[in-house]
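Structure assessment
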Amino acid sequence: MLMRKVPGFVPASPWGLRLPQKFLFLLFLSGLVTLCFGALFLLPHSSRLKRLFLAPRTQQPGLEVVAEIAGHAPAREQEPPPNPAPAAPAPGEDDPSSWASPRRRKGGLRRTRPTGPRVEATAARGNSIPASRPGDEGVPFRFDFNAFRSRLRHPVLGTRADESQEPQSQVRAQREKIKEMMQFAWQSYKRYAMGKNELRPLTKDGYEGNMFGGLSGATVIDSLDTLYLMELKEEFQEAKAWVEESFHLNVKLQEFCQSGEASLFEVNIRYIGGLLSAFYLTGEEVFRIKAIRLGEKLLPAFNTPTGIPKGVVSFKSGNWGWATAGSSSILAEFGSLHLEFLHLTELSGNQVFAEKVRNIRKVLRKIEKPFGLYPNFLSPVSGNWVQHHVSVGGLGDSFYEYLIKSWLMSGKTDMEAKNMYYEALEAIETYLLNVSPGGLTYIAEWRGGILDHKMGHLACFSGGMIALGAEDAKEEKRAHYRELAAQITKTCHESYARSDTKLGPEAFWFNSGREAVATQLSESYYILRPEVVESYMYLWRQTHNPIYREWGWEVVLALEKYCRTEAGFSGIQDVYSSTPNHDNKQQSFFLAETLKYLYLLFSEDDLLSLEDWVFNTEAHPLPVNHSDSSGRAWGRH
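Treat the numbers as computed from the prediction; the structure is a model and nothing was measured. (Residues numbered from 1 in each chain as written. Predicted model: local features only at pLDDT ≥ 70, side-chain atom pairs only at ≥ 80, totals over all residues. Heavy atoms only, no water.)

**Notes on the UniProt feature "binding site: Ca(2+)" (unreviewed entry) in the protein**
UniProt marks Thr617 with the feature "binding site: Ca(2+)" (unreviewed entry), using the numbering shown here. Looking at where Thr617 falls in the secondary structure, it is placed in the loop between strand S18 (613-615) and strand S19 (621-623). Not counting residues within four places of it along the chain, the set of residues in contact with Thr617 comprises Phe265, Ile269, Ser398, Glu401, Tyr402 and Glu593. Within the structure, Thr617 has its side chain in polar contact with the side chain of Glu401 (distance 3.0 Å). (UniProt positions renumbered as here; feature names shortened; annotations may be inferred. Helix = DSSP H or I, 4+ residues; strand = E, 2+ residues; numbered from the N terminus. Contact = heavy atoms within 4.5 Å. Polar contact = N/O pair within 3.5 Å; in protein donor to acceptor, adjacent residues only side chain to side chain.)

Structure (structure tokens):
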């Protein structure tokens, strides 16, 4: 039937809709489609859907490593890339590539595919790895390892002496004995405690301790550079493999941390120092990346009103902030960050590390110091000294060490460090230095003007420190400081010579007619400490007086006789007993410091030459800045 056209009539659509209704329906439908596609591209977790519609983008090289160092590692696991090209060796040095793939003994550490993320260890390609620069996200930063090695003045592993010379053959045999001790200590640790922080040789198991906040493998990382310089190539590769496969910093905090709190000082000098030195010696990027990552984890410790960091870092809180335990910070702890943090800036391009430690200097320069002395405790809240206890031993020691070494490491441009060191040394000499009735020179402890006439084993590093700084003192003071260094080192040797074991006590006194001996059992123990042999090494290199090698060999023989056990080396509880009990602990610093300094004492001077390297307070070598420019970290103060 035909429809009439009458005024006001609108024909219906095929779906029974009039035209205005059809228009509104289409408008609604188009809006719905737009909303769906917008959600597809803008809502979180839509990346998989985007791949259905967008062509894949070519990723800019290095961006994954930038994300990794910034703390945002990709979730997926990556296959390891080809090994980087070996760095050019310093003149006269063996090619580092010879260390790349040694044959392993049967029963050696087996390399397995890790179960956790290992992006930080495997994303590296070549000798330069991008790292994020603050304020310049996504722009790759590259450290030129080859250029660094070319600026060293001596081969890292030194030159070889003429082996036909008879005097050298004896020294070589002594050096080989120390190398065997290191090999035995490492193999015992690997067999019974691999991955734990330290070995317990009597019970033949591992020990984690409570200083590291759940970090593991302190002995591995502390041993890396010692294994390298002793040319224990297979053992070094075992340690490196553990770092690559088991030392993870990007897992969940609740899985990563056990006790939750760690010593900022110990993590810095052992872990960061060990990783930095391993990188500078080998060019292996895994060490650089992990050092930077760990350094970033420590930065919240500086979030205090003064910028003086708390001594304890809380890893368990979820934000890596500082813990609330304790009300003051310790001079030796916040004063022993400078060397490592400057190198973190040098290797990352991130100025925040250098800025943090420069601020510490700024606070210390402004604060009034009693008689020019630095007390051991400072409030990180008020910036005031908490009590007037001054010591060059425990609580204060490495602060002074890092002043003179900052001056040397900067290529002698850090005038602030130089001035602070010599000013502090003059105050120490004026108020703390004493000579006993028996003619022994020692550095006492100062408590608000009253002296404790004792010296700790930790203070015995000071002979080496004073010898190291003598060259750059005022001309009229140089000979005096060399003699002072020798006298303090002689006193520390006497603390060894006057014990039954020929090993030194933890502390020794000068009173009641007794000199250089402990007066109570609680101070009579020896825990494999390095400070005395450290001074022997520095005095040997300064003077080549054979007495220091004689004294060093006495220590080797005593360690073998009293500290070596079936399954490693152990400290002893009483140095005045000819049959001492063991403390069942092979300290990680025994491998990092004691054996390293003994090995250097019986080596040529150009093995880790003091022209090229300074040692952090855990004996990890860090390079002197030989760059023509001031560099990213060093500056001129």
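**Things to note about the side chain of Glu618**
Here Glu618 lies in the loop between S18 and S19. With residues up to four places along the chain from it excluded, the contact list for Glu618 reads Asp222, Ile269, Arg270, Ser588, Phe589, Ala592 and Glu593.

**With respect to the sheet that holds strand S7 (residues 385-387)**
With respect to topology, three strands assemble into an open sheet ordered S5-S6-S7, the strand pairing being antiparallel. Edge positions in the sheet fall to strand S5 (329-330) and S7, since each of these pairs with one other strand and no more. Of the pairings in the sheet, the one linking S5 to strand S6 (residues 377-378) comprises two bridges and is antiparallel in character. Pairing of Ser329 across the sheet is with Leu378, part of S6. (Pairing = 2+ DSSP bridges.)

**Notes on the state of the cysteines**
The final tally for this structure, using the stated rule, is one disulfide. Disulfide partner of Cys460: Cys492, at an S-S distance of 2.1 Å. Its S-S torsion of about -95° marks the bond between Cys460 and Cys492 as left-handed, since a negative value means left-handed. In this pair, Cys460 sits in the loop between strand S13 (454-456) and helix H17 (462-469) while Cys492 sits in helix H18 (residues 475-497), placing the two residues 32 residues apart along the sequence. Classification of Cys460 as buried rests on a relative accessible area of 1%. Classification of Cys492 by relative accessible area gives buried; the value is 1%. (Disulfide = S-S within 2.5 Å. Buried < 20%, exposed > 50% of the residue type's maximum accessible area, 1.4 Å probe, protein only.)

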